[in-house]
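What the coordinates show
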Amino acid sequence: MTDCHSGLTAIVPAAGIGSRMGADCPKQYLTLAGKTILEHTLGCLLSHPAIARVIVALAPHDEWFEQLAVAADPRILRVEGGSERACSVLNALHVAEGKWVLVHDAARPCLTLGDLDALIASAMVCDGAILGSRVRDTMKRTDGAGNIVATVEREQLWHALTPQMFPTGTLKRALEEGLALGALITDEASAMERAGFTVKMVEGRADNIKVTRPEDLSLAELFLQQQSARQLVRPDSPAEGQP
């Protein structure tokens, strides 16, 4: 990576409880391939040469993070999370340094360095960018009773993934304004779109899944095993996505 990319800050909102998992701990602390989901997520971010610091937003009474080995990494800064994702991200932005930040879901452990490279390169030349994957299935819209009312054209539809990368100050203002007005902010891109900025979609790997339901655990573990196998096959090659 070039010097102009150095010093990026990554924000990981990790204050959620993941109620749909039905587990006895927040989903980011469930184990995959010998590590917690959060450890896989933080490990990928910290291994990228452009990322100098990771800010993790934790629930006020989080009792699990301190038990992780990665918690001792000096590049990690902890802040208190909020009741909503946007609040957690905003708390992290208050202490973020540098011109650019990336926000990544705690429960997306399968991120690759190649996708990070592509996102950083695209975001640097516009108002910001996010990773996404193209919708492949036929899309349907239903009414409140679950009846299909329309088939939606999928040609330009995308699944919004993370990380999402934006200028630090601009994202901070967009989130503050949106929250003050009670706007629906589902991700950082939605706050930036609402503020009038153009956000670039960068096609990423579809296996960058978010662990949301119990069945996602085995799928994420499979993807992580496949990533490890690719690295073993090419032990002397550059990081994925690098020339």
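Up top is the structure these notes are about.
Residues numbered from 1 in each chain as written. Predicted model: local features only at pLDDT ≥ 70, side-chain atom pairs only at ≥ 80, totals over all residues. Heavy atoms only, no water.

1. A few points about the overall build of the chain
The condition is simple: Runs of E in the DSSP output that reach at least two residues are strands. Runs of H or I that reach at least four are helices, and both are numbered from the N terminus. The globule rule used for comparison is 2.2 Å times the number of residues to the exponent 0.38, while the radius of gyration itself is calculated over C-alpha atoms. Classification of residues uses two cut-offs on accessible area relative to the type maximum, computed with a 1.4 Å probe and protein chains only: under 20% is buried, over 50% is exposed, and between them is partly exposed.
Scanning the chain from terminus to terminus reveals six helices and eleven strands. A globule of 243 residues ought to have a C-alpha radius of gyration of about 18 Å, and the chain, at 18 Å, matches this closely. Each principal axis of the C-alpha atoms in the chain carries an extent, and together these give about 50 × 40 × 35 Å. Per-residue burial over the chain gives 45% buried out of 243 residues.

2. As for the side chain of Asp 207
What counts here: Pairs of N or O atoms within 3.5 Å make up the polar contacts considered here, provided that, within protein, one atom can donate a hydrogen while the other can accept it, and that residues adjacent in sequence are counted only when both atoms are side-chain atoms. Should any heavy atoms of two residues lie within 4.5 Å, those residues are considered in contact.
Of note, Asp 207 is situated in the loop between β11 (200-203) and α6 (214-233). Using a relative accessible area of 8% as the deciding quantity, one classes Asp 207 as buried. Here Arg 205 takes part through its side chain, which lies 2.9 Å from a polar atom of the side chain of Asp 207. Not counting chain neighbours up to four residues away, the residues in contact with Asp 207 comprise Cys 110 and Phe 223.

3. A short note on the pairing of strand β1 (residues 8-14)
Of all seven residues that make up β1, seven are buried, and the element is covered over most of its length. What you see with β1 is no split at all: Leu 8, Ala 10, Val 12 and Ala 14 on one side and Thr 9, Ile 11 and Pro 13 on the other are buried throughout.

4. Quick look at helix α2 (residues 85-93)
For α2, every residue scored as buried is listed here: Ala 86, Ser 88, Val 89, Leu 90, Ala 92 and Leu 93. Looking at the buried positions of α2, the neighbouring elements they touch are β1, β4 (51-58), β5 (76-80), β6 (100-103), α4 (168-180) and α5 (188-194).

5. Topic: the nonpolar core
Applicable threshold: Residues grouped as a nonpolar core are buried Ala, Val, Leu, Ile, Met, Phe, Trp, Tyr and Cys residues, joined through side-chain atoms within 4.5 Å.
One finds Leu 42, Val 54 and Phe 65 to be the most contacted residues of the largest nonpolar core, which totals 45 residues. Elements supplying a minimum of two residues to this core: β1, α1 (37-47), β4, β6, α3 (113-123), β7 (129-134), β10 (158-167) and α6. The element that contributes the greatest number of residues to this core is α1, accounting for six residues. If sequence neighbours within four positions are ignored, Val 54 has contacts with Ala 10, Val 12, Leu 42, Leu 45, Leu 46, Arg 75, Ile 76 and Leu 77. Residues Leu 90, Ala 92, Leu 93 and Ile 185 belong to the second largest nonpolar core, which totals 21 residues.

6. Examining the environment of His 159
You can see His 159 is positioned in strand β10. Once the C-alpha coordinates of His 159 and Asp 62 are considered, the two residues, 97 residues apart in sequence, prove to be 30 Å apart. Once you skip the residues sitting within four places of it in the chain, His 159 turns out to touch Leu 131, Gly 132, Ser 133, Arg 134 and Val 135.

7. A closer look at the packing of aromatic side chains
Counted only if it meets this: Whether two aromatic rings pair depends on their centres lying within 6.5 Å, for rings of Phe, Tyr and Trp, where Trp uses its six-membered ring; planes under 30 degrees apart make the pair stacked, over 60 edge-to-face, and the rest tilted.
One pass over the full model with this rule turns up one aromatic pair. Measuring from centroid to centroid gives 5.6 Å for Tyr 29 and Trp 64, while their planes differ by 25°, and the two rings are stacked. Within this pair, whereas Tyr 29 is found in the loop between β1 and β2 (31-32), its partner Trp 64 is found in the loop between β4 and β5, the two being separated by 35 residues in sequence. Under the relative-accessibility criterion, Trp 64 is labelled partly exposed at 25%.

8. Section: the packing of α2 against α4
Stated precisely, the cut-off is as follows: Between N-to-C directions, angles span 0 to 180 degrees; the directions come from axes that are lines fitted to C-alpha atoms, helices contributing only their stretch in contact. Should an angle fall under 35 degrees it is called roughly parallel, over 145 degrees roughly antiparallel, and 65 to 115 degrees roughly perpendicular, with every other angle called oblique. Here a crossing is taken to be left-handed if its near helix is turned anticlockwise relative to the far helix by less than a right angle, and right-handed if that turn runs clockwise.
Relative orientation of the contacting elements α2 and α4 amounts to 140°, with a least axis distance of 10 Å. One finds that α2 runs oblique with respect to α4. Taken as a pair, α2 and α4 cross one another with a handedness that is left-handed. On α4, the residues that touch Ala 86, Cys 87, Val 89, Leu 90 and Leu 93 of α2 are Thr 168, Leu 171, Lys 172, Leu 175, Glu 176 and Leu 179.

9. Some remarks on α4
The line we're drawing: By this rule the span expected of a helix is its residue count minus one, scaled by 1.5 Å. The reported arc concerns the directions from the helix axis to the C-beta atoms and nothing else.
Here α4 is 13 residues long and its end C-alpha atoms lie 18 Å apart, about the 18 Å a rise of 1.5 Å per residue gives. Those residues of α4 lying buried are Thr 168, Thr 170, Leu 171, Ala 174, Leu 175 and Gly 178. Around the axis of α4, the buried residues are gathered within 165° of arc, so they sit on the same side. Summarising the contacts, the buried residues of α4 are in contact with α2, β6, β10 and α5.

10. A word on the pattern of salt bridges
Filter applied, for reference: Whenever Lys or Arg places a side-chain nitrogen within 4 Å of a carboxyl oxygen from Asp or Glu, that contact is recorded as a salt bridge.
What the rule picks out here adds up to eight salt bridges. Residue Arg 75 pairs with Asp 73 through a salt bridge whose shortest N-O separation is 2.8 Å. Of the residues examined, Arg 75 reaches a relative accessible area of 33% and is grouped as partly exposed. A salt bridge links Arg 108 to Asp 105; its shortest N-O distance comes to 2.7 Å. Exposure remark for Arg 108: the relative accessible area of 8% places this residue in the buried category. Since its relative accessible area comes to 5%, Asp 105 is described here as buried. Within the structure, one salt-bridge network assembled from shared partners comprises Arg 85, Asp 105, Arg 108 and Glu 188.

From the geometry alone we can't say anything about function, so treat these as descriptive.
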